[in-house]
Amino acid sequence: MNSLIDKYNIPGPRYTSYPTVPYWDENSFSSEQWEKSVIRTFKETNAEEGISIYIHLPFCEALCTFCACHKRITKQHSVEIPYLESVLKEWQLYLQLFDEKPKLKELHLGGGTPTFFSPKNLKTLLEGIFETVEIAEHQEFSFEGHPNNTTREHLQTLYDLGFRRVSFGVQDYDPKVQKAINRIQSFEKVKEVTEWAKEIGYRGISHDLVFGLPHQTWEAMESTIRKTMELKPDRLAFYSYAHVPWVKGVGQRGFDENDLPSGEEKRRLYEDGKKLLEDLGYIEVGMDHFSLEHDDLYQSLIQKKLHRNFMGYTSSKTQLMVGLGMSAISDSWYAFAQNVKTVEEYQKMVEEGRIPVVKGHILNDEDLTVRRHILNLMCQLETTFDVNNSFPELENAFEMLKEMENDELVEIHNNQIKITEKGRAFTRNVAMVFDLRMMRNKPETRIFSMTI
């Protein structure tokens, strides 16, 4: 296994989209095209499957130095109401594009730190959206909670509004690691908020753990996993730390790169961590994600209904996902769009009555074909290749998989490709074989984190 990791541990995308953001064709994109794409997808899918909304809540009181998200660091909570008012105004701009009431299937509050905002202000925001939509049957409402500032009132307020899923960022319980990443939180605090969530009635409670952090050792990682097992969350995200200090604003210069685990040490964190999770009853659902058998995420995998979008893996699927807020990304299936990346510019554009997109990509027929293959691989670990109705370069990609077949990472039967159990760790590498845009324009500088 070590030799395979040495061979395949290269920079690569996480494929929350295809094309990936660095390969978006921004020159052929316009706000008008984006709006037409939204209208098209809404008309095609709203009645049947509904829409998703992602709301980016960017404020944090302190900078976590492992974080690569777009955020604004402040302790001034006076920013809450003006920002939320802008989000509601942006939503009103989207509502003008729709010819009927949207059916809301999925809603996620991400950040930043959603629980930076008071329960009262979050309620005002959500009620402002809910009064404009029809809530779909079996909706999926979720949010990200920081254990240090998620109160019981947060949990109860959001539960009363229909939220049933919450994800707590744990990362690691080792004090030395926590100090390096500027994320000091005790096991007792995480236990408290997790137990509150269970008592209130949340299902699909998730904890995020990260391997490859500065000063991290296997002993510390094992202790973190075993502590997590005491709380038995329904789901776990077991992420590789994405070291991308060259990306503006990520704050990953708060420690020396020499403090990061070596390649060999990181391999052990991944391999032994995964084995321990499985020994403790967790099933690998998708790349980086584990769940207990009763959880909807696992059930969706079994039923081949698992989906992946900019919010990660989800048990529900909509083709239209509207991203609201500074830097939020939207997806209409036929196109992607990202909002401007500063709070001030975002609020200014919304105030002027403009949907605040700054860049995007319109998918062509080739993109849509490749996207479908990559989504199949990421969610179902298999895809079917139509040789007679494809693009010549994809046939070359099929040939490139032969080496992976020799390494027992994939099985190829006629026109079907299946990722093996051994190959799960290399799912990103298999998907990269289909990434025609990256193949044609290989980056001269590093733009992605390592695949393992």
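Residues numbered from 1 in each chain as written. Predicted model: local features only at pLDDT ≥ 70, side-chain atom pairs only at ≥ 80, totals over all residues. Heavy atoms only, no water.

**As for the domain arrangement of the protein chain**
Here the protein chain is described as being made up of domain 1 (23–362) and domain 2 (365–440). The C-alpha centroid of domain 2 is placed 28 Å from the C-alpha centroid of domain 1. Every contact between the two is made by 19 residues of domain 1 and, on the other side, 14 residues of domain 2. Across the domain 1/domain 2 interface, buried area totals approximately 1700 Å², and carbon plus sulfur atoms make up 54% of it. Counting the surface domain 1 buries against domain 2, the share from its top three residues, Tyr 23, Met 287 and Trp 333, is 38%. (Domains from an automatic or database assignment. Contact = heavy atoms within 4.5 Å. Buried area = accessible area lost by both parts, 1.4 Å probe.)

**Here's the deal with the environment of Arg 165**
Secondary-structure assignment places Arg 165 in strand β6 (residues 165–171). Take Arg 165: its relative accessible area is 6%, and that puts it in the buried class. The sequence separation of Arg 165 and Gly 204 amounts to 39 residues, and the corresponding C-alpha distance is 5.1 Å. Those residues in contact with Arg 165 that lie beyond four places of it in its chain are Glu 140, Phe 141, Ser 142, Phe 143, Tyr 202, Arg 203, Gly 204, Arg 235, Asp 295, Asp 296 and Ser 315. (Helix = DSSP H or I, 4+ residues; strand = E, 2+ residues; numbered from the N terminus. Buried < 20%, exposed > 50% of the residue type's maximum accessible area, 1.4 Å probe, protein only.)

**What to know about the sheet that holds strand β18 (residues 410–413)**
What the 3 strands build is an open sheet, ordered β17-β19-β18; its pairing is antiparallel. For this open sheet the edge positions go to β17 (382–384) and β18, each flanked by a neighbour on one side alone. For this sheet, the mean inter-axis angle between neighbouring strands, taken without regard to orientation, is 10 degrees. Bridging between β18 and strand β19 (residues 416–419) involves 4 bridges; their strand directions are antiparallel. Across the sheet, residue Ile 412 finds its bridge partner in β19, namely Ile 417. (Pairing = 2+ DSSP bridges. Axes fitted to C-alpha atoms, helices over the stretch in contact; angles between N-to-C directions.)

**A few points about the nonpolar core**
General note: in soluble globular proteins, nonpolar side chains tend to be found buried as a group. Counting residues in hydrophobic clusters, the biggest one holds 67 residues, and the most contacted among them are Tyr 15, Met 221, Leu 277, Ile 374, Leu 401, Met 404 and Phe 434. At 7 residues, the largest contribution of residues to this core is made by helix α12 (residues 365–380). There are two domains that each give this core at least three residues, and those are domain 1 (23–362) and domain 2 (365–440). Apart from the residues within four sequence positions on either side, Leu 277 is in contact with Ile 225, Met 229, Leu 236, Phe 238, Tyr 282 and Phe 290. With 56 residues, the next largest nonpolar core counts Leu 93, Val 133, Tyr 202 and Ala 335 among its residues. (Core = buried A, V, L, I, M, F, W, Y, C linked by side-chain atoms within 4.5 Å.)

**Side note on helix α7 (residues 187–200)**
Helix length check: α7, at 14 residues, gives a terminal C-alpha distance of 20 Å against a target of 20 Å (1.5 Å per residue), a fit within 8%. Buried residues of α7: Phe 187, Val 190, Val 193, Thr 194, Trp 196, Ala 197 and Ile 200, and no others. Among the structural elements, α5 (152–160), β6, β7 (206–211) and α8 (218–231) are those in contact with the buried residues of α7. Directly after α7, the chain includes Gly 201, whose backbone phi takes a positive value near 125 degrees. (Expected span 1.5 Å × (residues − 1).)

**Notes on the UniProt feature "binding site: S-adenosyl-L-methionine 2" (unreviewed entry) in the protein chain**
Within this structure's numbering, the places UniProt gives as "binding site: S-adenosyl-L-methionine 2" (unreviewed entry) are Phe 66, Cys 67, Ala 68, Gly 112, Thr 113, Gln 171, Arg 183, Asp 208 and Ala 242. In this fold, Gln 171 is placed in strand β6. Ignoring anything within four residues of it in the chain, the contact list for Gln 171 reads Phe 66, Ile 181, Arg 183, Asp 208, Leu 209, Val 210, Leu 213, Gln 216, Met 221 and Thr 224. Among the secondary structure elements, Asp 208 is positioned in strand β7. Setting aside anything within four residues of it in sequence, one finds Asp 208 in contact with Ser 167, Phe 168, Gly 169, Val 170, Gln 171, Ala 237 and Tyr 239. A polar atom in the side chain of Asp 208 sits 3.3 Å from the side chain of Ser 167. (UniProt positions renumbered as here; feature names shortened; annotations may be inferred. Polar contact = N/O pair within 3.5 Å; in protein donor to acceptor, adjacent residues only side chain to side chain.)

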